[in-house]
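Now for the letters of each chain:
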Amino acid sequence: MPQISKQHPTRAPSSNSGSILDRAVPVGKLPTTPLKVLMYGANRAGKTTFACCAAKPLLLVSFEPAVSGGIDSVRKIPGVSVLRHGIDFKGMEQTLKLVQEIASAPGRYKSVVVDSVTSLQDCVLSELLDLSAVPDQMSWGTVTSDQYRGRSEKTRECLRPFVDLKVDTIFLGKERDHNPPKEEKVSASGKKQPDMRPRFLRGVQQESYIATDLGGATVGWIQDVCDCICRLFVEKEEIEEIFESAGIKQRMLKDTGRFARYLRLAYHNNYAAGIRSPNPGSYPDVLGPFQVGDNQKVFDQLMKILRG
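On a predicted model such as this, the values are computed, not experimentally measured, just so you know.

Asks: Sorry if this is basic, but what is going on with the pattern of salt bridges here?
Replies: Charged atoms that come close allow side chains of opposite charge to pair. Across all of its chains, the model carries 12 salt bridges by this definition. Between Arg-258 and Glu-237 there is a salt bridge, with its nearest N and O atoms 3.1 Å apart. Of this pair, Arg-258 sits in strand β10 (residues 248-264) while Glu-237 sits in strand β9 (residues 228-245), and the two are 21 residues apart along the sequence. For Glu-237, a relative accessible area of 8% translates into the label buried.

Right, dumping it as structure tokens:
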């Protein structure tokens, strides 16, 4: 009787075979990836206008409550298209579908601007509460802790596909003090009194930490996944003047009487900021002062810093 030997099927070599260490490559040979920028600032600081200096064609995805989608300031910029939440698409389901369509059409857009993550978060909460429109202000106790947790999870669910897009993506956000000063002030005599002023009038205190106006977990997450966190702000313009006194040259800052824009790039005790640059330490803490007409020049400078 012939002897029968057990047969084993021939297996294709595993793609994971071999040494993992052998897969290491010099970091300089890795391909560059699309940039993810988080820019925040106060209302009317010029965030949308500045962000629309990115490479064209550009898609502006607006979650702003205004009927125009907050795009009045960029109407005359060529190469910018807009989709408005509540008009061109609505809700979390259609937001996710929109991002899928962007991802499935490579080359159609070179840049995407999300305006703003704060308003997107409001839209998410409105949908969770089954409201027809985003309320101007929630009264105390209207939203439960579970609903806030749901808002955080759903906001990240909507933002994550934007982060994964293979194009430069800029996320805009309003700013908020995440560690606001206490509801009190000290009088000239040293007596503590309730501070009845609105929070936005109280200014930055020593303990303040200004960052994007999002829930704590969400703002921490988006700051981790972005290559650049920067703050666009407006302040009085000051120029440096050199004068001579007693034979010694001295410098002083002089108020020009105008307001100018500034872009904070580096870490600050009171402001969230920081970038991942191929040349760390080779850029200033703040870009500016600059006017609206200099937006493109300053934006190009930012891109050069980020790409090296």
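Asks: Explain a nonpolar patch on the surface to me, please; I cannot follow it from the model alone.
Replies: Residues Val-25, Val-27 and Leu-30 make up a contiguous nonpolar surface patch of roughly 300 Å² in combined accessible area. Structurally, Val-27 is set in the segment before β1 (36-41).

Asks: Explanation requested: the packing of helix α4 (residues 145-163) against helix α5 (residues 216-225) in the structure shown.
Replies: For any two helices packed against each other, one specifies the crossing angle of their axes together with the interaxial distance. Where α4 meets α5, the axes come as close as 10 Å, and the angle between the chain directions of the two elements is 15°. For the element pair α4 / α5, the angle class is roughly parallel. Between α4 and α5 the crossing geometry is right-handed. Contacts between α4 and α5 involve Ser-152, Thr-155, Arg-156, Leu-159, Arg-160 and Val-163 from the former and Ala-217, Thr-218, Trp-221, Ile-222 and Val-225 from the latter. Residue composition of the contact of α4 with α5, by class: six nonpolar, three polar and two charged.

Asks: Would you take a moment to explain the state of the cysteines for this structure?
Replies: When the sulfur atoms of two cysteines share a covalent bond, that bond is a disulfide. Applying the stated rule across the entire model yields zero disulfides. Free cysteine: Cys-230, not disulfide-bonded; nearest cysteine sulfur from Cys-228 at 4.0 Å.

Asks: Which parts of the structure should I look at to understand the pairing of strand β5 (residues 168-177)?
Replies: Consecutive side chains of a regular strand alternate in pointing toward one face of the sheet and then the other. The element β5 is extensively covered by neighbouring structure, given that seven of its 10 residues are classed as buried. Pairing of β1 with β5 involves six bridges; the strand directions are parallel. From the neighbouring strand, Met-39 faces β5, where its bridge partner is Leu-172. Taken together, the five bridges between strand β4 (residues 111-115) and β5 define a ladder with parallel strand orientation. By the bridge assignment, Val-112 is partnered in β5 with Thr-169. Here three bridges tie β5 to strand β8 (residues 210-212), and the two strands are oriented antiparallel to one another. Paired with Asp-177 across the bridge in β8 is Ile-210.

What counts, and where the lines are drawn
Residues numbered from 1 in each chain as written. Predicted model: local features only at pLDDT ≥ 70, side-chain atom pairs only at ≥ 80, totals over all residues. Heavy atoms only, no water. Salt bridge = Lys/Arg side-chain N within 4 Å of Asp/Glu carboxyl O. Helix = DSSP H or I, 4+ residues; strand = E, 2+ residues; numbered from the N terminus. Buried < 20%, exposed > 50% of the residue type's maximum accessible area, 1.4 Å probe, protein only. Patch = residues over 30% accessible without salt bridge, like charges linked within 9 Å, V, L, I, M, F, W, Y side chains within 5 Å. Areas by Shrake-Rupley, 256 points an atom, 1.4 Å probe, with all protein chains shown as cover. Axes fitted to C-alpha atoms, helices over the stretch in contact; angles between N-to-C directions. Parallel < 35°, antiparallel > 145°, perpendicular 65-115°, else oblique. Left-handed = near helix turned anticlockwise from the far one by under 90°. Contact = heavy atoms within 4.5 Å. Nonpolar A, V, L, I, M, F, W, Y, C, P; charged D, E, K, R; others polar. Disulfide = S-S within 2.5 Å. Pairing = 2+ DSSP bridges.

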